[in-house]
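Architecture and fold: a report
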There are 2 protein chains.
Amino acid sequence: MPGTPGEREESLDVIQRELTAFARRARAAAARLHPELPLVSYTLLAHIDDQQGCRATDLAAHYMLDKSTVSRQIGALEKLGLVERHPDPDDHRIQVLHPTEAGTQALAATQASRRAAYQERLADWTADDLSRFAAYLLRYNATGDAPQS
Amino acid sequence: MPGTPGEREESLDVIQRELTAFARRARAAAARLHPELPLVSYTLLAHIDDQQGCRATDLAAHYMLDKSTVSRQIGALEKLGLVERHPDPDDHRIQVLHPTEAGTQALAATQASRRAAYQERLADWTADDLSRFAAYLLRYNATGDAPQS
DNA sequence: GAAGTTCAGTTGTATAGTACAACGGAATTG
DNA sequence: CAATTCCGTTGTACTATACAACTGAACTTC
């Protein structure tokens with residue numbers, strides 16, 4: 001469709017702006033909502049739990065983070081007693097991470113309160129709109145999974 | 001609506017997860033894309049430009065930032081010669097912000113490269129999908145404009 | 001119209017999250 | 001075994017942020 005270039009650009013600008021606005025607020029909201037489990041730690045912990053045994057390097061690659069950042073975050077999570085490191089018997093360089101009991105528990109609690117917040121916020125959306133919005137976000141993020149520049 | 005709780009929850013989880021995933025990467029991507037214009041500064045500058053004369057407090061409210069943060073960011077932008085402050089003649093407390101010539105120019109350049117990145121990323125979306133996605137994001141962010149929790 | 005209150009913004013201080021660079025030890029490859 | 005590559009840590013620095021204390025201007029109320 002070559003007819004409507006302006007409209008397309010406008011939508012792109014809106015998407016860019018609104019996603020960025022969201023990103024800015026997400027941090028603030030996360031900090032307010034769960035003061036004891038920092039945002040990044042939460043995210044990493046969730047990933048560790050999801051993958052059931054991953055390495056620090058995996059986390060760094062997946063989140064586009066420096067390995068030093070991951071190292072410190074993991075250190076913090078370990079100090080909080082939420083993750084454990086197990087040396088890989090085959091390769092001594094590798095530390096396999098997984099959540100402790102407390103980690104799984106903390107994660108569940110955080111997830112619950114997050115879901116409640118979203119629930120309230122999106123209370124007046126129809127299930128149909130929610131599902132379409134979710135689909136768009138999935139599609140958007142999938143596109144960017146292996147980005148560049 | 002007690003009928004369809006599962007589907008709704010699932011969508012909520014997806015939205016939550018995907019928005020968070022986006023937020024994670026946004027910073028890294030922005031840092032890579034425009035090393036010279038820091039992410040936050042860019043965002044604030046864009047808002048200032050968009051609103052043609054806004055106050056620091058407006059920015060703080062819109063992005064859920066502390067006024068001190070805004071104050072420093074504006075200070076940085078001013079030092080870079082990208083924004084100017086004009087005292088309001090009617091209310092001496094207020095500083096009306098707007099972009100300088102250089103600010104507008106820097107913004108245009110940054111916006112162009114950002115838009116190009118989004119363009120490429122969203123190349124295979126129809127204009128219709130883009131517009132609906134944009135609308136959802138606007139609605140989502142508007143809902144949260146005056147939140148609490 | 002002076003005192004108290006609210007509002008806009010700045011500054012001091014502290015913290016999280018991040019990157020980059022330099023390193024250490026372990027594994028792989030020649 | 002020497003060189004290289006891989007995983008992780010530590011040192012250092014910087015950005016973004018919050019909270020609290022403050023200044024100064026404008027409203028309120030008597």
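Now for a look at the structure at hand. Residue numbers run consecutively from 1 along every chain, following the written order of its sequence. In the order they appear in the text, chains get letters beginning with A and ligands get numbers beginning with 1. Selection of residues for local features in this predicted model requires a pLDDT of at least 70, selection of side-chain atom pairs for listing and counting requires 80 or more, and totals for whole chains, interfaces and linings are taken over all residues. Values shown for side chains rest on all heavy atoms present in the structure; no hydrogens or waters enter the calculation.

1. Overview of the overall build of chain A
Filter applied, for reference: Secondary structure counts use DSSP, requiring at least four H or I residues in a row for a helix and at least two E residues in a row for a strand, with both numbered from the N terminus. When we talk radius of gyration, it's over C-alpha atoms, and the globule rule is simply 2.2 Å times the number of residues to the 0.38. Burial status follows relative accessibility: with a 1.4 Å probe on protein chains alone, a residue under 20% of its type maximum counts as buried, one over 50% as exposed, and anything between as partly exposed.
From N to C terminus, chain A includes six helices and two strands. Helices and strands appear in chain A in the N-to-C order α-α-α-α-β-β-α-α. The C-alpha atoms of chain A give 19 Å as radius of gyration, which overshoots the globular expectation for 149 residues (15 Å, by more than 25%). With respect to the three principal axes, the spread of C-alpha positions in chain A is 60 × 35 × 25 Å. Looking at the 149 residues of chain A, the share that counts as buried comes to 40%.

2. Remarks on the side chain of B:Arg8
Put simply, the rule reads: Charged residues are defined here as Lys and Arg on the positive side and Asp and Glu on the negative side; His and the ends of the chain fall outside this count. One side-chain nitrogen of Lys or Arg within 4 Å of one carboxyl oxygen of Asp or Glu is enough to make a salt bridge.
Mapped onto the elements, B:Arg8 comes out in helix 1 (residues 5–33). Here B:Arg8 is buried and forms no salt bridge, its nearest opposite-charge partner A:Asp124 lying at an N-O distance of 6.7 Å.

3. Details of the protein's contact with DNA strand C
Stated formally: One heavy atom within 4 Å of a molecule or strand makes the whole residue count as near it. Pairs of N or O atoms are called polar contacts if they sit within 3.5 Å, as long as, within protein, a hydrogen donor faces a hydrogen acceptor (for residues adjacent in sequence, only side-chain-to-side-chain pairs). Each residue gets one of three labels, nonpolar for Ala, Val, Leu, Ile, Met, Phe, Trp, Tyr, Cys and Pro, charged for Asp, Glu, Lys and Arg, and polar for the others, Gly among them.
Around DNA strand C sit 26 residues in total, of which A:Asp66, B:Lys67, B:Ser71, B:Arg72 and B:Arg85 are the nearest. Per the 4 Å cut-off to the protein, sugar and phosphate atoms form 65% of the nearby atoms of DNA strand C. Here a base nitrogen of DNA strand C sits 2.7 Å away from a polar atom, N or O, in the side chain of A:Ser68. Between a phosphate oxygen of DNA strand C and a main-chain N or O atom of B:Gln95, the distance comes to 3.1 Å. Elements with a contribution of two residues or more to the surface near DNA strand C: helix 2 (39–51) and helix 4 (67–79) of chain A together with helix 3 (56–63) and helix 4 (67–79) of chain B. Across the surface near DNA strand C, the residue classes break down as seven nonpolar, eight polar and 11 charged.

4. Digging into the nonpolar core
Note the threshold: Within this scheme, the nonpolar core is defined by two criteria: the residues are buried Ala, Val, Leu, Ile, Met, Phe, Trp, Tyr or Cys, and they are joined through side-chain atoms within 4.5 Å.
The biggest cluster of nonpolar side chains holds 32 residues, and the ones touching the most others in it are A:Ile15, A:Phe133, B:Ile15 and B:Phe133. Within the residue set of this core, elements represented by two or more residues are helix 1 (5–33) and helix 6 (127–143) of chain A together with helix 1 and helix 6 (127–143) of chain B. In this structure, B:Tyr42, B:Leu59, B:Leu65 and B:Val83 belong to the second largest nonpolar core, which totals 20 residues.

5. Re the packing of aromatic side chains
For the record, the criterion: Here the aromatic set is Phe, Tyr and Trp, taking the six-membered ring for Trp, and pairing holds for ring centres within 6.5 Å; pairs whose planes are under 30 degrees apart are stacked, those over 60 apart are edge-to-face, and all others are tilted. Placement of a charge over a ring requires the Lys NZ or Arg CZ to be within 6 Å of the ring centre, with the centre-to-atom vector within 35 degrees of the ring normal.
Under the counting rule described, the total for this entry stands at 12 aromatic pairs over all chains. For the cation-ring pair, B:Arg121 lies above A:Tyr140, with the distance from its terminal atom to the ring centre recorded as 4.0 Å.

6. Focus: the protein's contact with DNA strand D
Near DNA strand D lie 27 residues; those nearest to it are A:Arg24, A:Thr57, A:Lys67, A:Arg72 and A:Arg85. Counted by atom, the contact set of DNA strand D within 4 Å of the protein is 64% sugar and phosphate. A:Arg85 is positioned with one of its side-chain polar atoms (N or O) 2.3 Å from a phosphate oxygen of DNA strand D. Among the elements of the structure, helix 3 (56–63) and helix 4 of chain A together with helix 2 (39–51) and helix 4 of chain B are those that each provide at least two residues to the surface near DNA strand D.

7. Some thoughts on the interface of chain B and chain A
Formally: Note on contacts: a residue pair qualifies if any of its non-hydrogen atoms lie within 4.5 Å across the two residues. Once two parts are brought into contact, the accessible area they lose, counted with a 1.4 Å probe and summed over both, makes up the buried area.
Taken together, the 59 residues of chain B in the interface contact 56 residues of chain A. Across the chain B/chain A interface, buried area totals approximately 6700 Å², and carbon plus sulfur atoms make up 58% of it. Considering only the side of chain B, the residues that lose the most area to chain A are B:Arg8, B:Tyr136 and B:Tyr140, jointly responsible for 11% of the buried surface there. Among the salt bridges present, the one from B:Arg115 reaches A:Glu9, with a minimum N-O distance of 3.3 Å. Applying the counting rule to chain B against chain A returns 22 residue pairs in polar contact (both at pLDDT 80 or more). Contributing elements (two or more residues each) for the side of chain B that touches chain A: helix 1, helix 2, helix 3, helix 5 (101–121) and helix 6 of chain B. Tallying contributions element by element places helix 1 of chain B first for the side of chain B that touches chain A, with 22 residues. Considered class by class, the residues forming the side of chain B that touches chain A number 29 nonpolar, 14 polar and 16 charged.

Remember, this is a structural readout, not a statement about activity or role.
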